[in-house]
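# Geometric and topological summary
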Amino acid sequence: MDVAPNVSSATVEVAGRNWLTAQLLMRGFEVATPVVDRGVDLIVFKEVGEEGIRALPLQLKCASAETFSLDRKYEGRGIPLVYVWDVLGQPTAHFLTYAEAFAVLGTQAAGTRSWTEGGKYSVTTVGSGLRARLAPYTGRWGWLHERLGDQPTSGSH
């Protein structure tokens, strides 16, 4: 694929979201995109008859290469984090909970100033160790189906 030089991060984000949306649709998920991004980039949902719907928000991190970042603001929110790598080539998706993402980073992030003071940590060059720790979270479509199935239905009171 011929990709324009200097593709903006906003373009990569849109391309990654659209690739993930297509993958989700082909795997039986319904997908909605919030009009305003307030920490939820996509919502996967499934109609469950008279019970209503089950819905699960997703937070996306899309990149043209392999990068990994975590922001403490997602802790305790129960929103799966989806890292889409190589958006402009052969995309792959990693699905993690916040706790799993924190465990993948391990002690690497805990002692850094960016984490202790800002609550954020980012790896722009993914080494073999981090890549190996992320491998079990690649393409967890079944895991996502299970997470969605665990959500309350809109008809629940």
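Whatever comes next refers back to the structure up there.
All of the points below concern the structure found in this document. (Residues numbered from 1 in each chain as written. Predicted model: local features only at pLDDT ≥ 70, side-chain atom pairs only at ≥ 80, totals over all residues. Heavy atoms only, no water.)

## Some words on the pairing of strand β6 (residues 92–96)
Keep this limit in mind: Relative accessibility thresholds used throughout: buried, under 20% of the residue-type maximum; exposed, over 50%; partly exposed, between the two (1.4 Å probe, protein chains only). Secondary structure follows DSSP: runs of H or I at least 4 residues long count as helices, runs of E at least 2 residues long count as strands, and numbering of each begins at the N terminus. The pairing criterion for strands is at least two bridges between them, as found by DSSP.
Burial runs high along β6: four of the five residues are buried. Summarising the sheet, strand β5 (residues 81–85) and β6 pair through five bridges and their orientation is antiparallel. Counterpart to Trp 85 in the pairing with β6 is Thr 92.

## Let's talk about the nonpolar core
The nonpolar side chains of a soluble globular protein tend to be buried with one another. The criterion, for reference: Only buried Ala, Val, Leu, Ile, Met, Phe, Trp, Tyr and Cys residues count toward a nonpolar core, and they belong to the same one when joined by side-chain atoms within 4.5 Å. Any two residues having at least one pair of non-hydrogen atoms within 4.5 Å are treated as being in contact.
Residues Leu 20, Leu 24, Leu 58, Val 82, Phe 95 and Leu 144 are the most contacted members of the largest nonpolar core, which totals 20 residues. Listing elements by their share of this core, those giving two or more residues are α1 (9–26), β2 (42–47), β3 (53–62), β5, β6 and α6 (141–149). Not counting residues within four places of it along the chain, the set of residues in contact with Leu 144 comprises Leu 24, Phe 29, Leu 56, Leu 58 and Phe 95. Tyr 121, Leu 130, Leu 134 and Tyr 137 belong to the second-largest nonpolar core, a separate cluster that totals 19 residues.

## Observations concerning the sheet that holds strand β1 (residues 30–32)
We count it as follows: The axes are straight lines fitted to the C-alpha atoms, using for helices just the contacting stretch, and the angles between their N-to-C directions are given from 0 to 180°.
The strand order across the open sheet built from five strands is β1-β2-β3-β5-β6, with neighbouring strands paired in mixed fashion. Of all the strands in the sheet, the pair left with one neighbour each is β1 and β6. Each strand axis lies, on average, 30 degrees off the axis of its neighbour in the sheet, ignoring direction. Bridging between β2 and β3 involves six bridges; their strand directions are antiparallel. For Glu 47, the partnering residue across the bridge sits in β3 and is Ile 53. Docked against the sheet, α1 engages β1, β2, β3, β5 and β6, running at close to 145 degrees with respect to β3.

## Some thoughts on the environment of Ala 103
Within the fold, Ala 103 resides in helix α2 (residues 98–105). For Ala 103 and Ser 64, which are 39 residues apart along the polypeptide, the C-alpha to C-alpha distance reads 24 Å.

## Some details on α6
Every α-helix carries 3.6 residues per turn, so stepping three or four residues along brings you back to the same face. Heads up, the condition is: Taking the helix axis as origin, the arc is that swept by the directions to the C-beta atoms.
Among all positions of α6, only Trp 141, Trp 143, Leu 144 and Leu 148 are buried. Viewed end-on, α6 has its buried residues packed into an arc of 155 degrees, placing them on one side of the element. The secondary structure elements touched by the buried residues of α6 are α1, β2, β3, β6 and α2.

## Some points on unusual backbone geometry
The phi dihedral of Asp 86 falls on the positive side, at around 55 degrees, and the residue is not glycine. Tracing the backbone through its elements, the reader meets Asp 86 in the loop between β5 and β6. Owing to a relative accessible area of 31%, Asp 86 belongs among the partly exposed residues under this scheme.

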